[in-house]
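Okay, here's what each chain looks like letter by letter:
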Amino acid sequence: MSVTYPFAQREARRGWRWLNRWWPSARLGTDPLQQLRVDGRYVPVSIANWKLIRPMARRLLGSRIARPLTFAADCRLTVVIPYRDREYHLRQLMPVLLAKLQEQQLNYRVLVVEQESGGKFNRGRLLNAGMHYAAEASDYYCLHDVDAVPIVANYACPSQPLRLVNKLIGSQSKSQHTDYYFSGAVSVRKEQAQAANGYSNEYWGWGKEDDDFFFRLLLAELLCYYDLEGTYEDLPNPPHQQVQRRSLWSPAHLRRNRQRRSLLLRGLLDPAEDGLNTLRYDVIERSGSADYGPAFEKIRVRFRD
Ligand code: UDP
Ligand code: MN
């Protein structure tokens, strides 16, 4: 698979970035995608935001990505949970998640992908490993944070990528999630995840890998939606992990991740060369759980290189 995006390189050179940053609402006028609302409940994730370079957003708005959201029955779901050192979150999440999946009568499995200890966390790699590992047994995935506990959530199989989270209860973060956020719990069909080549493997530590994934889906001409009614409880981190997280907010770290993301947007990185198809990993341990039943599996992975 080889995809290049020459238009992005050409258009990035024209500038506008300064204006976009300070005056985002002037960029695109009204976003015509917003008219694609389905059942008054599912809304396209806006691409009229400061994260997307303006010419690319315009091109996407005028292109073939405008497709309505529908749900399919009889699909096999794998909920993939990136994980390390969050036992107390998993214990709170699992009973509620399993009850929701059963109530919705889905054909589901839950796969927790644990990163071995040592080294920085890499959420993108864990999700890629999980999607690859579960590929044969899945028609679609729900990429699910361990600290997001569903209250109102629809885990059915969507025709376009769908963010299940909208309202967050008990959120510690000061900023409410804005409409271009694409993380937390996201359902995506297997072929679509593959078309975007999954996540980048190069985001270490906290942040930005989720924006990168959103852009990859857009570049694969997929329109992403979110569920207006989707409500989750955001579990608080314990003190020792907050310290870890704050250190990952170091300016140098965030700058690196932001730079990568902006390289992708400028067409200087090719998603086909970094993602699902290039991750090399080993499964070093597999286990089930007596508590969570036969649909639950946990794997521990080690990244090669
Ligand atoms: N995560 C984890 N262990 C860590 C850091 C992250 O298991 O040490 C996983 C976990 O699934 C978590 C997700 O990565 O929900 C996102 O991390 P975090 O909650 O710290 O980021 P935020 O939600 O604050 O962006
Ligand atoms: Mn979180």
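Residues numbered from 1 in each chain as written. Chains lettered and ligands numbered in written order. Predicted model: local features only at pLDDT ≥ 70, side-chain atom pairs only at ≥ 80, totals over all residues. Heavy atoms only, no water.

S.K.: Help me out: how do you make sense of the overall build of the protein chain in this one?
M.R.: Per the secondary structure count, the protein chain includes 9 helices and 14 strands. Counting all 305 residues of the protein chain, 55% fall into the buried class. Looking at the protein chain alone, contacts between residues at least 24 apart form 80% of all its contacts between residues at least 6 apart. Just so you have it, the protein chain exposes about 14,100 Å², and 51% of that area is on carbon and sulfur atoms. (Helix = DSSP H or I, 4+ residues; strand = E, 2+ residues; numbered from the N terminus. Buried < 20%, exposed > 50% of the residue type's maximum accessible area, 1.4 Å probe, protein only. Contact = heavy atoms within 4.5 Å. Areas by Shrake-Rupley, 256 points an atom, 1.4 Å probe, with all protein chains shown as cover.)

S.K.: For this particular structure, what's the right way to read the packing of helix 7 (residues 209-219) against helix 9 (residues 251-265)?
M.R.: Between two packed helices, both the angle of their axes relative to each other and the distance between the axes serve to describe the pair. As a packed pair, helix 7 and helix 9 sit with axes 10 Å apart at the nearest point and diverge in direction by 5 degrees. Taken together, the axes of helix 7 and helix 9 are roughly parallel relative to one another. In this structure, helix 7 contributes Asp211, Asp212, Phe215, Arg216 and Leu219 to the contact, and helix 9 contributes Arg261, Leu264 and Leu265. Split by residue class, the contact of helix 7 with helix 9 holds 4 nonpolar, no polar and 4 charged. (Axes fitted to C-alpha atoms, helices over the stretch in contact; angles between N-to-C directions. Parallel < 35°, antiparallel > 145°, perpendicular 65-115°, else oblique. Nonpolar A, V, L, I, M, F, W, Y, C, P; charged D, E, K, R; others polar.)

S.K.: Could you clarify how one ought to interpret the pattern of salt bridges in this entry?
M.R.: When the charged atoms of two side chains with opposite charge come close together, those side chains can pair. Applying the stated criterion to the full structure yields 20 salt bridges. Where Glu297 meets Arg109, a salt bridge forms, and the shortest distance between an N and an O atom there is 3.7 Å. Separated by 188 residues along the polypeptide, Glu297 in strand 14 (residues 296-303) and Arg109 in strand 4 (residues 107-115) bring together distant segments of the chain. A relative accessible area of 17% means that Glu297 is categorised as buried. A salt bridge links Arg216 to Asp274, with the nearest nitrogen and oxygen atoms 3.6 Å apart. Here the residue Arg216 occupies a position in helix 7, and Asp274 occupies one in the loop between helix 9 and strand 13 (281-287), the gap between them amounting to 58 residues. In this pair, the class of Arg216 matches that of Asp274, namely buried. Among the charged side chains, a network of salt bridges with common partners joins Glu114, Glu285, Lys298 and Arg300. (Salt bridge = Lys/Arg side-chain N within 4 Å of Asp/Glu carboxyl O.)

S.K.: What exactly am I supposed to notice about the sheet that holds strand 11 (residues 225-227) here?
M.R.: Pairing between sheet strands relies on hydrogen bonds along the backbone, with the strands arranged either parallel or antiparallel. With mixed pairing, 9 strands are arranged side by side in an open sheet as 1-11-8-10-5-3-4-14-13. The open sheet terminates on both sides in strands that have one partner only, identified here as strand 1 (42-44) and strand 13. For strand 5 (residues 140-144) and strand 10 (residues 185-189), the ladder comprises 5 bridges, and the chain directions are antiparallel. Bridged to Leu143 within strand 10 is Val186. Helix-sheet contacts for helix 4 (residues 87-103) involve strand 3 (76-83), strand 4, strand 5 and strand 14, and the interaxial angle to strand 4 is about 165 degrees. Its contacts with the sheet place helix 5 (residues 123-133) against strand 3, strand 4, strand 5, strand 13 and strand 14, and it is angled at close to 140 degrees to strand 4. (Pairing = 2+ DSSP bridges.)

S.K.: I tried to follow helix 9 on my own but got confused; where do I start?
M.R.: Helical periodicity: at 3.6 residues per turn, an α-helix aligns residues three or four positions apart in one direction. Taking 1.5 Å of rise per residue, the 15 residues of helix 9 would be expected to cover 21 Å, and the 21 Å separating its terminal C-alpha atoms lies within 8% of that figure. Taken as a whole, helix 9 has its buried residues at His253, Leu254, Asn257, Arg260, Arg261, Ser262, Leu264 and Leu265. Note on helix 9: the residue one or two positions beyond its end, Gly267, has a positive phi of about 80 degrees. (Expected span 1.5 Å × (residues − 1).)

S.K.: Would you mind showing me how to read the side chain of Ser187 here?
M.R.: The residue Ser187 is located in strand 10 in this model. Since its relative accessible area comes to 0%, Ser187 is described here as buried.

S.K.: Mind showing me how you'd approach helix 5 here?
M.R.: Burial runs high along helix 5: 9 of the 11 residues are buried. Within the span of helix 5, buried status applies to Arg123, Gly124, Arg125, Leu126, Leu127, Asn128, Ala129, Gly130 and Met131. At the N-terminal end of helix 5, a side-chain oxygen is found 3.3 Å from the backbone nitrogen of Gly124, two or three residues along, and the residue is Asn122. (Polar contact = N/O pair within 3.5 Å; in protein donor to acceptor, adjacent residues only side chain to side chain.)

S.K.: Mind showing me how you'd approach the sheet that holds strand 6 (residues 148-152) here?
M.R.: Strand order in the open sheet formed by 3 strands is 6-12-9, and the pairing between neighbours is mixed. On the outer flanks of this sheet lie strand 6 and strand 9 (167-169), each paired with one strand and no other. The sheet shows a mean angle of 35 degrees between the axes of neighbouring strands, taken without regard to direction. One ladder, built from 3 bridges, connects strand 9 with strand 12 (residues 231-234); its direction is parallel.

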